[in-house]
Each structure stands twice: as C-alpha cells, then as structure tokens.
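The primary structure of each chain is shown beneath.
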Amino acid sequence: MSFLAPLAWAGLSVGTLVAALYFLKKRPQPFEVSALFLWPQATSKSRSAWRWYKAPVGLLLIQLLVLILMVSSMAQPVVFTEATSAGQLAIIMDTSASMQTRTSDGNRLAMAIERAKVLVRDNPKAEFTLVEARHNGGVVVPLTSDHKLITDSLDQLQATYLGESSLASVLQWVQSQDNWDRFDRAVWFSDHLPQELAWQDFPIEFDLISEGIGNTAITAFTVRLQPDVTLGYEAFVKLENFSAANLSTTLSLRSFGHVISEAPIEVASGQDLSITFPLSHSVEKHLSVGFDVQDGLTFDNERHFTFEDKFQPRVYWLGEPDAFLQQAFRVLGVSDILPWSPEVVLDSNDLLVVHQATYDAPLAGNVLLLDASWRGFLEADSLYEVQQVRALDLNHPVLQGITPDNIAVLQASTGKLPENLYSLLEADNVFGDQVPLLGVYQSEDARVAWLGFSLNATNLRLTVDFPILVARLLRWLVPVPLEANVVNTGTTLHLEQEGMTVTLPNQRSISVPRTAFLGTTEPGFYLLPETDTAWAVNVPATESRLQPINTVTSSDVAGNIQVEVNEVASPLWIYFAAFGLLALGVEWVSYERGWL
C-alpha cells in the first residue's frame, strides 16, 4: 500500500490538542452553593487529587483512532496491481480460413477460443473488446466489463473461408474503441504472424495455435497460352505438401463435375509440384482442378478458374465472298468483316481470309487460305478428284471435335506446298496419291491455315463439323490470352444493374437489389445467367500455407515482442473515511450512554 499525499500525515499533530482538551475537561470546576451544608455534596466526587490522573481514556482512544483514519484518508492510500488483472484488454481473434485446420480438440479456432476465455477469467476487473481478424472483419464487442457477453460472443465465432486481415486494419479496429496507449494488453490469437513486418513495432502479443495435422493444397491454378502456341492452351496447377507424409493421388481437371483430364501425382513431404494439362482452343469456360485426400484442410484441395470470352479479332477479306463462312465468323464474335487492300497492315490480332484468290505480300501475319494461293509461299494449281478423307492428327487443336468421316470432298488442288506445312487432313486422288486437304504452318512472323479444296466442292457447310472447324481455325490463327474472372473469397462483385440474379456455388439463386454483391463468402462459381458472366472464387492461397506441426509456438514469438506492463492504482481512501465516521459514531454513543 502506498500514499499519494503523504504530507497529509502532518495532520496527526492535532492528536496532541485532542488529548489536552480531553484531560482539561476533567479538571475541577468552580461550583457556587447557597449554603455550607450543600458543599460536601458538591465536592464528594473529588476527594482525591489522584482521581484526575485516573480518568478513563477509552473515549480518548476512540477519538485518536478517528483522527488517524481521517488523516489516512486525506493521505490518499492506494494499492498498485499489474494491468494483467485490470485495465483495458483487446482480444483479436483470427477467424480466417486456416483456423479451420483440424486438431485433436476440433479445430484451431476452438483452441484459440478456449485460450481467450482463460485470459478473460484471469482478468476479472478488466474491460475487454473483441475484434474479429479476417477479411472485412471488425469489432464484434465494444469495450465492456460484461465478461459473460465476451465469452458468449467468443463461442459464437466461426472459422470462415475468408483470408486474413491486414495488421493496419486490426490496429484501426482496436483504436476505434480507445487510443492505443490506453490499452494495457492486446492479444492476437492466430496460427500465423501477420505478413507485414511492422507488427514488431506495436505492443501486440501473439498466441499462436500450431497444433493440427499437416496439409496438402493446390495453391495455384490458371489457364494460359502454351509457350508453343501451336498446341493451344494449357491448365497450370501448383501443389504444395506441408504435411509430414508424402502425397500420392490423382489430380483431376473438371468442368462442372465432368472429368476432362486426369494425371497421377506424387509430392514429397515439404515439396511442391507444378503440372500442366494441355487444352484445345475451345477451352471450357468454367474449370476446376482437385484431388481427394483427407488432410488438415479439405477446401483447398480444389480450385476454380473461369474467364470472359472477349475474343473479337478484326477480319479482312480478299477474293470471292462466301456468305456461309462470313456468317460463321460473325456468330463467333467477329463484329465486322472488312475488305482488304495492299495498304492494310495486319497486326497480331488481325486475320486475313483469302478465298479463291492469290495473295501477294511478304510472309507475315495470320492468314486463312481457302482454295487460294500465296505467291512465293504456297501456290495451288490443278484440281483432281479425291476420295476417302482421312485425319492425320485428331489431337491437333484444329481438329478437336471434328469427325472426318462426315466430310466428303469431290475435288482438291495440288501444287507447290511448303515443306514444313503440317498436314491434318488428306485424301487419295484418282492416281492413288495422297493429296493434302488441310494443313497449318507457323513461324515467328506468320501463322497460316490452308484448305486445298473449294467449299463448293464439299458437303462441309452442310455438316455440324463446319462451325466447329471454323471456330477451331479462328482460335488457332488468332490465339489470345484468356481474361480470367478469378477472385478471392470476400471480394465484392460489381454487377451491371440492380436486381440481377446471382447463382451461388450451391446452385441457389438470389436477386441482388444493388449493383454490388458482397456474398462471395464460399469458394466456387458465381454465375449471372442474364449476361452469361461468371466468377471463380477461391480461398486465398496464403491460407493453405500452414506451418508444420510444432514449428511455430508462442515461445518463438515472445522474444520479439516488447510488451509494456503497466500498474493500476486502486484507491483506498473511501474505506479509511468510512471506518473513521463509524468510529466517531461509536464514540458519541459511548459518551451519551456513559459506557466509557
């Protein structure tokens, strides 16, 4: 116990005056009588001079006690206690996706909640605020001394599919309750440290939950052009094994549950693996990749990808028009078909169609030759009857989905063809020779597709293979990077207008009254049927990169944290004053009743 105003003890000097007044009150007083016979009665109580010294001192002692208590109260007595049992405390609870990691007692969030409850019980006089640390988190409970409200709110927290919150956001949420320097402690319950290095400059304690089994995850998934674009597109997948065991499973590439491709994979403990799946130019718009393994987290065993099809190349036309082919281009997104002239300079997104004509220009650009020639490069001449159309490479992107048996060709041309023209279709002529019908050529400056027959000499335009072949040729000749619509959970989706319908990953449809949709709380595909738009929503890859068991503990972090421990002063003056008044009351009653 300490005293904030020790100079008040000088007031005890008044005790000497109290004692003097007490004894002076006992001295014999003058007493007048009207007759001598009354004098003995007046002086009978003071027969001895020693009686003055034998006066009772009980009331005096009570009066001195009253004086001591009152002076002690004026000296402002206090008791100092550490802030761990009083003051203001901030509980920062991580509810991001990684806190779903399974442990022996449920998951990491359940363990963190139990530790936070211990902190509440150990600080019965403290005020608490509860902050939820995740993407778009915030203050759950403002500063309060209602500990039951804090514990009940802790029990209601759930691990989400959202990513972690930034340190700056957490500090802002805590400071919205009071100035940072008014908080005695701030404890962050999580399974990892924040990514920012600046956290070491703030007095935050980290209680890290690392218990749980290991985790394997797909941390990257995208669709891109292959380095050799003659092969079309490819799906790129990265897997990481954070567990102590090797991973051996089958990786599946799917589109809405339908398996497109599979590959066996093996990833050693602590290692990562990158794998690619070749795709055609008609890549599915909504793709998922995943594997079936029961590990620490299961949601990150699958990731999703989708894109917007904004493929609108400029098409120039040279030669005889063909209404069927031109209409097929328009259906595929070509807004306009322009006449070609020698002044036109083709860029990488342009396509020139030469139909039954001769093209005379340097070898460059993207060109489709239909029963046509390119002077100095590919020159067709004589026509011969052909039969028995055969495919030489059905796996090539141009022929995927094509059935050659449906195609019948009456006549095809021969002539001077480049040696490195890659034939995809051929037929036999009347002399038994193999005649190329469809070939492709690619160099650093040019990309050429050649059909060695007239569309009027085939049934191709009457078959279902015609629009498919045109789409394949267009995609191969003018390949473009895919504009991915891939976002993290918690991202706001901006809609074109109010009242649009959004189909959620669980196939439930809701109407959104605003142009902003905030409900991307789970991974999967979010579809807009009215505009044929989609978003692939994934949990942030950082939530999957879990630390191995027992590699991160609170003791590892404690040495880096400088926490200022403050003391709280509990005043006691009111108790001294109360006892002083009580003693004064006892003294008055004793005097009136003659007890002392």
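Residues numbered from 1 in each chain as written. Predicted model: local features only at pLDDT ≥ 70, side-chain atom pairs only at ≥ 80, totals over all residues. Heavy atoms only, no water.

> Teacher, can you tell me more about the overall build of the protein chain here?
For the protein chain, the count of helices and strands is ten helices and 36 strands. Looking at the protein chain as a whole, 46% of its 596 residues qualify as buried. Total accessible area on the protein chain stands at roughly 30800 Å², and carbon and sulfur atoms take up 53% of it. (Helix = DSSP H or I, 4+ residues; strand = E, 2+ residues; numbered from the N terminus. Buried < 20%, exposed > 50% of the residue type's maximum accessible area, 1.4 Å probe, protein only. Areas by Shrake-Rupley, 256 points an atom, 1.4 Å probe, with all protein chains shown as cover.)

> Looking at this structure, I do not really get the pattern of salt bridges. What am I missing?
In the structure shown here, the tally under the stated rule is 15 salt bridges. Close ionic contact of Lys 117 with Glu 114 constitutes a salt bridge, the shortest N to O distance being 3.8 Å. Taken together, the positions of Lys 117 and Glu 114, both in helix 4 (residues 108-121) and three residues apart, correspond to about one turn of that helix. Its relative accessible area of 14% is what places Lys 117 among the buried residues. (Salt bridge = Lys/Arg side-chain N within 4 Å of Asp/Glu carboxyl O.)

> How should I be thinking about the nonpolar core in this particular structure?
The tendency in soluble globular proteins is for nonpolar side chains to be buried side by side. Residues Phe 329, Leu 351, Val 353 and Leu 368 are the most contacted members of the largest nonpolar core, which totals 39 residues. Top contributing element to this core by residue count: helix 8 (residues 465-477), with seven residues. (Core = buried A, V, L, I, M, F, W, Y, C linked by side-chain atoms within 4.5 Å.)

> Teacher, can you tell me more about unusual backbone geometry here?
Within the chain, Asp 371 stands out as a residue other than glycine whose phi angle is a positive 50°. Along the polypeptide, Asp 371 turns up in the loop between strand 21 (365-370) and strand 22 (373-374).

> Got a minute to help me understand the environment of Pro 264 in this structure?
As for its position among the elements, Pro 264 is in strand 13 (residues 258-267). In this structure the C-alpha to C-alpha distance between Pro 264 and Thr 249, which are 15 residues apart in sequence, comes to 6.0 Å. Discounting chain neighbours no more than four positions away, the residues touching Pro 264 are Thr 249 and Thr 250. (Contact = heavy atoms within 4.5 Å.)

> I tried to follow the packing of helix 3 (residues 58-74) against helix 10 (residues 573-593) on my own but got confused; where do I start?
The axes of two packed helices give the description: the angle between them and the distance between them. One way to put it is that helix 3 packs onto helix 10 with a least axis distance of 8 Å and a crossing angle of 160°. In this view, helix 3 runs roughly antiparallel relative to helix 10, as classed from their interaxial angle. Helix 10 is crossed by helix 3, and the crossing has left-handed handedness. Mapping the contact onto sequence places Leu 59, Ile 62, Gln 63, Leu 65, Val 66, Leu 69, Met 70, Ser 72 and Ser 73 in helix 3 and Trp 573, Phe 576, Ala 577, Phe 579, Gly 580, Leu 581, Ala 583, Leu 584, Val 586, Glu 587, Ser 590 and Tyr 591 in helix 10. By residue class, the composition of the contact of helix 3 with helix 10 is 15 nonpolar, five polar and one charged. (Axes fitted to C-alpha atoms, helices over the stretch in contact; angles between N-to-C directions. Parallel < 35°, antiparallel > 145°, perpendicular 65-115°, else oblique. Left-handed = near helix turned anticlockwise from the far one by under 90°. Nonpolar A, V, L, I, M, F, W, Y, C, P; charged D, E, K, R; others polar.)

> I'm lost on helix 5 (residues 147-156) in this one. Help?
For helix 5, every residue scored as buried is listed here: His 147, Ile 150, Ser 153 and Leu 154. End-on view of helix 5: buried residues confined to an arc of 125°, all on one side of the axis. Facing away from the buried side of helix 5 by over 90 degrees, the exposed positions are Lys 148 and Gln 156. Of the surrounding elements, those touching the buried residues of helix 5 are strand 3 (88-94), helix 4, strand 6 (127-133) and strand 7 (138-144). Where helix 5 begins, the capping side chain belongs to Asp 146, and its oxygen is found 3.2 Å from the backbone nitrogen of Lys 148. (Arc of directions from axis to C-beta. Polar contact = N/O pair within 3.5 Å; in protein donor to acceptor, adjacent residues only side chain to side chain.)

> What should I look at first to understand the side chain of Thr 520 in this one?
Among the structural elements, Thr 520 can be located in the loop between strand 33 (516-517) and strand 34 (524-528). Engagement of the side chain of Thr 520 in a polar contact is seen with the backbone oxygen of Thr 491, the distance being 2.7 Å. With residues near it in sequence (within four places) discarded, Thr 520 still touches Leu 162, Asn 488, Thr 489, Gly 490, Thr 491, Leu 493, Tyr 526 and Val 537.

> Before we go on, may I ask you to explain the environment of Leu 581 in this structure?
Here Leu 581 lies in helix 10. Under the relative-accessibility criterion, Leu 581 is labelled exposed at 56%. As a C-alpha pair, Leu 581 and Leu 67 span 514 residues in sequence and 9.9 Å in three-dimensional space.

> What exactly am I supposed to notice about the sheet that holds strand 3 here?
Backbone-to-backbone hydrogen bonds join strands into a sheet, with any given pair of strands oriented parallel or antiparallel. The sheet built from five strands is open, its strands ordered 7-6-3-8-9 with mixed pairing. Every other strand in the sheet has two partners, leaving strand 7 and strand 9 (205-208) as the edge strands with one partner each. Across the sheet, the mean angle from the axis of one strand to that of its neighbour is 15°, orientation sign disregarded. Taken together, the five bridges between strand 3 and strand 8 (residues 185-190) define a ladder with parallel strand orientation. Across the sheet, Met 93 pairs through a bridge with Phe 189, a residue of strand 8. Those strands touched by helix 4 are strand 3, strand 6, strand 8 and strand 9, and its axis lies near 175° from that of strand 3. Strands strand 3, strand 6 and strand 7 of the sheet are contacted by helix 5, whose axis makes an angle of about 160° with strand 7. (Pairing = 2+ DSSP bridges.)

> When you look at a nonpolar patch on the surface in this model, what are you seeing that I'm missing?
Residues Trp 573, Ile 574, Tyr 575, Phe 579, Leu 582 and Val 586 make up a contiguous nonpolar surface patch of about 650 Å² in total accessible area. The topology assignment puts Ile 574 in helix 10. Judged by relative accessible area, which is 48%, Ile 574 ranks as partly exposed. (Patch = residues over 30% accessible without salt bridge, like charges linked within 9 Å, V, L, I, M, F, W, Y side chains within 5 Å.)

> I would appreciate a short explanation of the side chain of Asn 538 in the present structure.
In this structure, Asn 538 sits in strand 35 (residues 533-538). Among the polar contacts made by the side chain of Asn 538, one reaches the main-chain amide nitrogen of His 304 at a distance of 2.8 Å. The contacts of Asn 538, once residues within four sequence positions are left out, are Arg 303, His 304, Val 486, Val 487, Asn 488, Thr 489 and Pro 523.

> I would appreciate a short explanation of the packing of helix 7 (residues 323-331) against helix 8 in the present structure.
Helix 8 packs onto helix 7 with a crossing angle of 65° between their chain directions and a minimal axis gap of 10 Å. The element helix 7 and its partner helix 8 pack so that their crossing is right-handed. Taken together, the residues of helix 8 that come into contact with helix 7 (itself represented by Phe 324, Leu 325, Ala 328 and Phe 329) are Phe 466, Val 470 and Leu 474. Partitioned by chemical class, the residues of the contact of helix 7 with helix 8 number seven nonpolar, no polar and no charged.

> Can you walk me through the pairing of strand 12 (residues 247-255) in this structure?
Taken residue by residue, a regular strand's side chains alternate between the two faces of the sheet. Burial within strand 12 is extensive, with seven of its nine residues counted as buried. Pairing of strand 12 with strand 13 involves nine bridges; the strand directions are antiparallel. Counterpart to Leu 247 in the pairing with strand 13 is Val 267. Here strand 12 hands over to strand 13 after two residues, with Phe 256 in that stretch at a positive phi of 50°.

> Looking at this structure, I do not really get the confidence of the model for the protein chain. What am I missing?
When pLDDT drops low, the exact placement of atoms in the prediction is not to be read closely. Confidence in the prediction for the protein chain averages 82 pLDDT; 86% of positions are at 70 or higher. For residues 47-53, every residue scores under 50 in pLDDT, and the model assigns this stretch four contacts once sequence neighbours within four places are set aside. (pLDDT = per-residue confidence, 0-100.)

> For this particular structure, what's the right way to read helix 7?
An α-helix turns once per 3.6 residues; consequently, residues spaced three or four apart project the same way. All of the buried residues in helix 7 are Leu 325, Gln 326, Ala 328 and Phe 329. Considered in projection along helix 7, the buried side chains sweep an arc of 155° and stay on one side of the axis. Exposed residues pointing more than 90 degrees away from the buried face of helix 7 are listed as Ala 323, Phe 324 and Val 331. Tucked into the core, helix 7 has its buried residues touching strand 17 (314-319), strand 18 (337-339), strand 19 (350-355), strand 21 and helix 8. The opening residue of helix 7, the one whose side-chain oxygen lies 3.3 Å from the backbone nitrogen of Phe 324, is Asp 322. Taken from the residues just after helix 7, Gly 333 is the one with a positive phi, measuring 110°.

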